[in-house]
Amino acid sequence: ENGSYVSPQMFKLLVGKGHAEFSTGNQQDAYEYWSWLLDRMERAERVDGVPADMTHKLFEFTAQTRLTDQQSGKVKYSEVSDRLLSLPIPLDAATNEAEVKDYEERCAKRQKNAADTEASKEPPVRLRVPMI
C-alpha cells in the first residue's frame, strides 16, 4: 500500500509513551486504555485551544434505566451520561471450557518445570463465547 500509516502496535507505543503500563507491548485492559486515551486527547485539546469537550462529545451517550416498584407499580426512569459502555460477557456460555482448563493445567505444570521452553511457546487458549 502507498501512503502514510501507523500500525496499531506503534500507535499504542507512541500514545502510551510516559505511562507505566501503556508504554509497553503487553496486553492491557481495553476499558482502561480507552478511558486513558480519551482523557489524554482532551488534555491535549485544551492545550491547543480546542473546545475542551470536543472529544468527549464524539463518544458521549446517555443510558436510560427503568425501575418498576413491584408493590406500587410506580416506574422511575434515570439517565446517566457516559463515554464507555460495559458489556457483560457470560463466560459460562463459553464453548471451549475444557480446552481452556487443559491449557491452564499445562501452563501450571510448565511453571513448576521451567526447563520446558519449547512447550512454553504454545499459543494461549482463550474462552470462546458466542455473541448471539
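All of the points below concern the structure found in this document.

What counts, and where the lines are drawn
Residues numbered from 1 in each chain as written. Predicted model: local features only at pLDDT ≥ 70, side-chain atom pairs only at ≥ 80, totals over all residues. Heavy atoms only, no water. Helix = DSSP H or I, 4+ residues; strand = E, 2+ residues; numbered from the N terminus. Buried < 20%, exposed > 50% of the residue type's maximum accessible area, 1.4 Å probe, protein only. Contact = heavy atoms within 4.5 Å. Areas by Shrake-Rupley, 256 points an atom, 1.4 Å probe, with all protein chains shown as cover. Phe/Tyr/Trp six-rings, centres within 6.5 Å; stacked < 30°, edge-to-face > 60°. Core = buried A, V, L, I, M, F, W, Y, C linked by side-chain atoms within 4.5 Å. Salt bridge = Lys/Arg side-chain N within 4 Å of Asp/Glu carboxyl O.

**Remarks on the overall build of the protein**
Here's step 1: Secondary structure assignment for the protein yields four helices and two strands.
Here's step 2: Ordered by position from N to C terminus, the α and β elements of the protein give α-α-α-β-β-α.
Here's step 3: By residue count, 14% of the 132 residues in the protein fall in the buried class.
Here's step 4: In the protein, once contacts between residues fewer than 6 apart in sequence are set aside, the share between residues at least 24 apart is 35%.
Here's step 5: With an accessible surface of roughly 11100 Å², the protein has 54% of that area assigned to carbon and sulfur atoms.

**Regarding the packing of aromatic side chains**
Here's step 1: Scanning the model with the defined rule gives two aromatic pairs in all.
Here's step 2: Both rings, one in Y33 and one in W36, keep their centres 6.1 Å apart while their planes meet at 35°; by these two values the pair is tilted. Residue Y33 and its partner W36 are both found in helix α2 (residues 30-48); the two are separated by three residues, about one turn of the helix.
Here's step 3: Judged by centre distance (4.9 Å) and plane angle (90°), the rings of W34 and F59 are edge-to-face. One end of the pair, W34, is in helix α2; the other, F59, is in helix α3 (residues 54-59), with 25 residues separating them in the sequence.

**Let's talk about the nonpolar core**
Here's step 1: Core analysis: the biggest nonpolar cluster contains five residues, these being V15, F22, Y33, W36 and L37.
Here's step 2: Beyond its immediate chain neighbours, meaning those up to four positions away, L37 contacts F11 and V15.

**Let's talk about the pattern of salt bridges**
Here's step 1: The tally for this structure, following the rule as stated, stands at five salt bridges.
Here's step 2: A salt bridge links R83 to E42; the nearest nitrogen and oxygen atoms lie 2.7 Å apart. Here R83, found in the loop between β2 (75-82) and α4 (97-112), pairs with E42, found in helix α2; they are 41 residues apart in sequence, far enough to count as distant.
Here's step 3: Accessibility expressed as a relative area gives 13% for R83, which makes it buried.
Here's step 4: Residue E122 pairs with R110 through a salt bridge whose shortest N-O separation is 2.4 Å. Placement of the pair is E122 in the segment after α4 and R110 in helix α4, with a sequence separation of 12 residues.
Here's step 5: A relative accessible area of 12% means that R110 is categorised as buried.
Here's step 6: Ionic contacts of the salt-bridge type, sharing partners, join the residues D39, E42 and R83 into one network.

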